[in-house]
Amino acid sequence: MDIKERIEQAQEKLKQAEQAKTVAETQLDSAKTECDNVVEQMQELGVTPETIDGEIERLEKEVDDGLTAIEQAIPTIE
């Protein structure tokens, strides 16, 4: 392989790397926008990324307590 071919290959690899960088930057921007939208929706629901775990736990307990109450209210037939 002569020098000209090596230079052409290097240029092609550089072009591919630049295209991959552009794709990655576009995907990153899209992910950031999606994340911002999710955070905005969370705020509309009264939670933040910092408080969401506690809210999920609270809701799971509420559902569990409600289900337990329903189960206890159903008569047992023997």
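Throughout what follows, the structure given in this document is the object of discussion.

Regarding the overall build of the protein chain
For the protein chain, the count of helices and strands is two helices and zero strands. What you see for the protein chain is a C-alpha radius of gyration of 28 Å, clearly larger than the 12 Å of a compact globule of 78 residues, by over 25%. Judged by the C-alpha coordinates and their principal axes, the protein chain covers about 90 × 35 × 15 Å. Across the 78 residues in the protein chain, those meeting the buried criterion constitute 3%. For the protein chain, the exposed surface amounts to about 7200 Å²; the carbon and sulfur share of it is 55%. Computing the positive centroid from 8 side-chain charges and the negative centroid from 21, the protein chain places the two 17 Å apart.

As for the pattern of salt bridges
As enumerated under the stated definition, the model contains four salt bridges in all. Across the salt bridge formed by Glu-25 and Lys-21, the nearest N and O atoms sit 3.7 Å from each other. Linking Glu-25 with Lys-21, this pair stays in helix α1 (residues 3–44), spanning four residues, or about one helical turn. As a salt-bridge pair, Lys-61 and Asp-65 come within 2.8 Å of each other at their nearest N and O atoms. Remark: Asp-65 and Lys-61 occur in helix α2 (residues 52–73); sequence separation between them is four residues, near one turn of the helix. One continuous salt-bridge network, built from bridges that share partners, spans Glu-55, Arg-58 and Glu-62.

Structural notes on the environment of Asp-2
Mapped onto the secondary structure, Asp-2 falls in the segment before α1. Asp-2 gets classed as partly exposed once you look at its relative accessible area, which sits at 43%.

Description of the environment of Lys-32
Following the sequence through the fold, Lys-32 ends up in helix α1. Lys-32 sits 40 residues away from Gln-72 along the chain, and the two C-alpha atoms are 47 Å apart.

Describing a nonpolar patch on the surface
A contiguous nonpolar surface patch, about 290 Å² in accessible area, is contributed by Leu-67, Ile-70 and Ile-74. Following the sequence through the fold, Leu-67 ends up in helix α2.

What counts, and where the lines are drawn
- Residues numbered from 1 in each chain as written.
- Predicted model: local features only at pLDDT ≥ 70, side-chain atom pairs only at ≥ 80, totals over all residues.
- Heavy atoms only, no water.
- Helix = DSSP H or I, 4+ residues; strand = E, 2+ residues; numbered from the N terminus.
- Rg over C-alpha atoms; globule rule 2.2 N^0.38 Å.
- Buried < 20%, exposed > 50% of the residue type's maximum accessible area, 1.4 Å probe, protein only.
- Areas by Shrake-Rupley, 256 points an atom, 1.4 Å probe, with all protein chains shown as cover.
- Lys, Arg positive; Asp, Glu negative; His and termini not counted.
- Charge placed at Lys NZ, Arg CZ, Asp CG, Glu CD.
- Salt bridge = Lys/Arg side-chain N within 4 Å of Asp/Glu carboxyl O.
- Patch = residues over 30% accessible without salt bridge, like charges linked within 9 Å, V, L, I, M, F, W, Y side chains within 5 Å.

So far we have only geometry, and geometry alone does not tell us how the molecule works.
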